[in-house]
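Survey of secondary and tertiary structure
This is what each chain is made of:
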Amino acid sequence: MTLTNKVVLVTGSSKGLGKCIAQKFAKMGGKVIVNYANNAENANRVVEEIKNEGGEAIKLQADVTDEADVQKLVRNAEHAFSQPIDILVNNATGPQPELSLEEVTWEDYLDQLHFSVKSPLLLTKEVMGSMKENQWGRIINIGSEVVGLGNSHFSNYVTAKSSVIGMTRSWANELGEYGITVNAVHPGFTPVERHGEVTEESARDYVDQVPMKRLGKPEDIASMVAYLASEEASFITGQNMNVNGGNTFGS
Ligand SMILES: NC(=O)c1ccc[n+]([C@@H]2O[C@H](COP(=O)([O-])OP(=O)(O)OC[C@H]3O[C@@H](n4cnc5c(N)ncnc54)[C@H](OP(=O)(O)O)[C@@H]3O)[C@@H](O)[C@H]2O)c1
């Protein structure tokens, strides 16, 4: 699978899953925009690592939940590579507090909806014009297995990630005729920097219920995202891909 000459924007790719997805795209020959909100040092590191391995990447700061920032991000990305964005991965997330129904407020729900719905909407509206013109595009929304699990004390996050499913299917229906596919990838528990040290032992209760009997690795998620972005996946749209060792089924 190659992505030569494709411009890829991965939101929130200065660390965590986004970083691994950005690195995977760069290895496939994509021109990668490493987006971040706060930590320029992390983003610099990702760009340097990609360049050291012979890949192409730039970093661009933007709050992807803010309309003016999103417009500037897309303009700057197109300017930097002298071509429009071909592949959009809506991955960025803010804090995800676990809250009981007693504790949770509408603002807590909105905080999550800003990342799962508002940001993908703003970005998709900004990039779809050129994708339509090119009759080619890939939009990949990062959801979560929590949609299938319905975790208690997490309804703010579960609700927002559930929206990704209907949104993805609706956009797929609307954009399919232009050669644009829209899919969602739902990771299982995949420890990244923010989770600190997590071993299979410390996560035994979780791992025990996973058919494949292990935690997710960022590479597991990046591989699925890369496949969906590839030419090989041109007839796959509107789908929900659970990448969680079989922990959930369907959407
Ligand atoms: N890891 C898991 O176990 C897991 C499981 C299921 C689903 N997911 C989903 O996978 C995605 C990535 O999660 P993660 O665990 O990799 O997250 P993470 O490690 O916390 O990384 C979040 C990224 O988003 C950026 N970011 C935060 N606020 C932003 C904003 N307003 N605008 C632009 N970028 C912003 C951060 O940049 P700064 O550091 O500069 O703020 C960082 O690069 C999320 O959608 C998450 O819900 C993750």
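For the structure itself, consult the block above.
Because the structure is predicted, anything quoted here is derived from the model rather than measured.

**Observations regarding the site of the ligand**
In the neighbourhood of the ligand, 31 residues make up the surrounding shell, with S14, L17, N38, Y157 and R194 lying closest. Residue L17 places a main-chain N or O atom 2.7 Å away from an oxygen atom belonging to the ligand. At 2.9 Å from an oxygen atom of the ligand is found a main-chain nitrogen or oxygen belonging to N91. The protein chains hide 93% of the 900 Å² of surface that the ligand would expose on its own. Here the ligand occupies the largest pocket. At the level of secondary structure, the elements contributing two or more residues to the shell around the ligand comprise α1 (16-27), β2 (31-36) and α6 (155-175).

**Regarding empty space enclosed by the protein**
In this structure the tally under the stated criterion is 2 cavities of 30 Å³ or more. There is about 80 Å³ of room inside the largest cavity. Along the wall of the largest cavity there are 13 residues; nearest its centre are N90, F115, S116, P120 and I142. Broken down by secondary-structure element, the contributors of at least two residues to the lining of the largest cavity are α4 (106-134), β5 (137-142) and α6. Within the lining of the largest cavity, the residues separate by chemical class into 6 nonpolar, 6 polar and 1 charged.

**A look at the pattern of salt bridges**
Opposite charge on two side chains makes pairing possible when the charged atoms of those side chains draw close. Inspection of every chain in the model, using the stated rule, returns 4 salt bridges. In this structure, R45 and E41 form a salt bridge, with 3.5 Å as the shortest nitrogen-oxygen distance. Of this pair, R45 and E41 both sit in helix α2 (residues 40-52), 4 residues apart, which is roughly one turn of that helix. The exposure class assigned to R45 is partly exposed, which follows from its relative accessible area of 42%. Residue classification places E41 among the exposed positions, given a relative accessible area of 58%. As a salt-bridge pair, R214 and D220 come within 2.9 Å of each other at their nearest N and O atoms.

Reading the values: the criteria
Residues numbered from 1 in each chain as written. Predicted model: local features only at pLDDT ≥ 70, side-chain atom pairs only at ≥ 80, totals over all residues. Heavy atoms only, no water. Near = heavy atom within 4 Å. Polar contact = N/O pair within 3.5 Å; in protein donor to acceptor, adjacent residues only side chain to side chain. Areas by Shrake-Rupley, 256 points an atom, 1.4 Å probe, with all protein chains shown as cover. 1 Å grid on protein atoms, 1.4 Å probe; cavity = no way out; pocket = protein on both sides within 12 Å on 5 of 7 lines; lining within 4 Å. Sits in = over half its atoms within 2 Å of the grid points. Helix = DSSP H or I, 4+ residues; strand = E, 2+ residues; numbered from the N terminus. Points joined across faces, edges and corners; volume = space filled by probe spheres on them. Nonpolar A, V, L, I, M, F, W, Y, C, P; charged D, E, K, R; others polar. Salt bridge = Lys/Arg side-chain N within 4 Å of Asp/Glu carboxyl O. Buried < 20%, exposed > 50% of the residue type's maximum accessible area, 1.4 Å probe, protein only.

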